[in-house]
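Structure at a glance
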Amino acid sequence: LLSGSVMEISGTLDGNQHWTPNFQYRVTDDLTLNSGDTLTIDPGVSVLFMGEYMFSIQGAFYANGAEGDSIRFTSGQASKDKGDWKWLYFNSADSSSFLNYTVVEYGGGSDNSNYDANIRTDNSKLLINNSHIHASNNTGINIVSNSELSLNNSLIHNNDYGVYVRNSSTANIS
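Just so you know, these numbers come straight off a predicted model, no measurement behind them. (Residues numbered from 1 in each chain as written. Predicted model: local features only at pLDDT ≥ 70, side-chain atom pairs only at ≥ 80, totals over all residues. Heavy atoms only, no water.)

The subject of this paragraph is the side chain of Thr121. Relative to the elements of secondary structure, Thr121 occurs in strand β12 (residues 117-122). Residue classification places Thr121 among the buried residues on the basis of a relative accessible area of 0%. Residues contacting Thr121, with those up to four places away along its chain left out, are Phe90, Leu126, Asn142, Ile143, Val144 and Ser147. (Helix = DSSP H or I, 4+ residues; strand = E, 2+ residues; numbered from the N terminus. Buried < 20%, exposed > 50% of the residue type's maximum accessible area, 1.4 Å probe, protein only. Contact = heavy atoms within 4.5 Å.)

The residue Asp122 is located in strand β12 in this model. Look at Asp122 and you get buried, because its relative accessible area is 7%. Within the structure, the side chain of Asp122 is placed 3.4 Å from the side chain of Ser145, a separation counted as a polar contact. Ignoring sequence-local partners within four residues, the contact set of Asp122 consists of Tyr89, Phe90, Asn91, Ser92, Val144, Ser145 and Ser147. (Polar contact = N/O pair within 3.5 Å; in protein donor to acceptor, adjacent residues only side chain to side chain.)

Let us look at the nonpolar core. Counting residues in each nonpolar core, the largest one holds 32 residues, and the members touching the most others are Trp19, Phe55, Phe61, Phe73, Leu88, Leu99 and Ile119. For this core, the element with the most residues is strand β3 (residues 24-33), which contributes 4 residues. Excluding anything up to four places from it in sequence, Leu88 contacts Phe49, Phe55, Ile57, Phe73, Leu99, Val104, Asn118, Ile119 and Arg120. (Core = buried A, V, L, I, M, F, W, Y, C linked by side-chain atoms within 4.5 Å.)

As for its position among the elements, Asp42 is in the loop between β4 (38-41) and β5 (46-49). Other than its neighbours up to four places away in sequence, Asp42 contacts His18, Trp19, Thr20, Pro21, Asn64 and Ile71. In terms of polar contacts, Asp42 uses its side chain to reach the side chain of His18, at 2.9 Å.

Our focus in this paragraph is the sheet that holds strand β13 (residues 125-129). Taken in spatial order, the 7 strands line up as β2-β4-β7-β10-β13-β16-β19 in an open sheet, and their pairing is parallel. Two strands bound the open sheet, and with one partner strand each, they are β2 (16-19) and β19 (170-173). Along the sheet, successive strands turn relative to each other by an average axial angle of 5 degrees, direction set aside. Bridge analysis of strand β10 (residues 98-100) against β13 gives 3 bridges, and the strand direction is parallel. Each residue of the ladder has a partner; that of Leu99, found in β13, is Ile128. (Pairing = 2+ DSSP bridges. Axes fitted to C-alpha atoms, helices over the stretch in contact; angles between N-to-C directions.)

For a regular strand, the rule is simple: side chains alternate between the two faces of the sheet. Where β13 meets strand β16 (residues 148-152), 5 bridges bridge the pair, whose relative direction is parallel. Bridging across to β16, Lys125 finds its partner in Glu148.

The next point concerns the packing of aromatic side chains. For the coordinates displayed, the defined rule picks out 10 aromatic pairs. Measuring from centroid to centroid gives 5.7 Å for Phe55 and Phe61, while their planes differ by 85 degrees, and the two rings are edge-to-face. Phe61 gets classed as buried once you look at its relative accessible area, which sits at 0%. One aromatic cluster is present, built from ring pairs that chain together Trp19, Phe23, Tyr25, Phe55, Phe61, Phe73 and Phe90. The aromatic ring of Trp87 is capped on one face by Arg120, whose charged end is 5.4 Å from the ring centroid. (Phe/Tyr/Trp six-rings, centres within 6.5 Å; stacked < 30°, edge-to-face > 60°. Lys NZ or Arg CZ within 6 Å of the ring centre and 35° of its normal.)

Attention now moves to the environment of His132. In this fold, His132 is placed in strand β14 (residues 132-134). For His132, a relative accessible area of 24% translates into the label partly exposed. Distance from His132 to Ile156, taken between C-alpha atoms, is 5.9 Å for residues 24 residues apart in sequence. Residue contacts for His132: discarding those within four places in its chain leaves Thr102, Val103, Val104, Leu155 and His157. Reaching out from His132, the side chain makes a polar contact with the side chain of His157 at a distance of 2.7 Å.

This is a description of form; function is not addressed.
The structure is reproduced here in structure tokens:
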């Protein structure tokens, strides 16, 4: 990476944000996208979690990778391991949120709770297409509390559990 091309992020993302592959994004503490705010992520962006942090998503989250140019959510550790970071947590998120051509890996936290996952939803509708979700410390995707998951053409492996659906939630997997 070129000098100045690393952006450290934490806290609350205000307003509408647009992340481009001009930067590598390093999460240095818990991160929140509030209701009413939007984050758009372009193909080729890497988001590295530098510790056991979570990304709580209550707004609109558009991770729109491309075939051959995925968006990656991963550990920022030199030697990556399951549970290096917590999760992408869709908590009453905007119903238009989606992940398209993404890789989500090495999350799930270290608590070994049956709610830990690379991706977790509570009271949210989430669309995931053409993605690769693996190497969670527990579950690949955990769908909880009246959530709806549409999962298409995606690979989920090397987790204790693939997709866990509970508490009046539904999943449409194809």
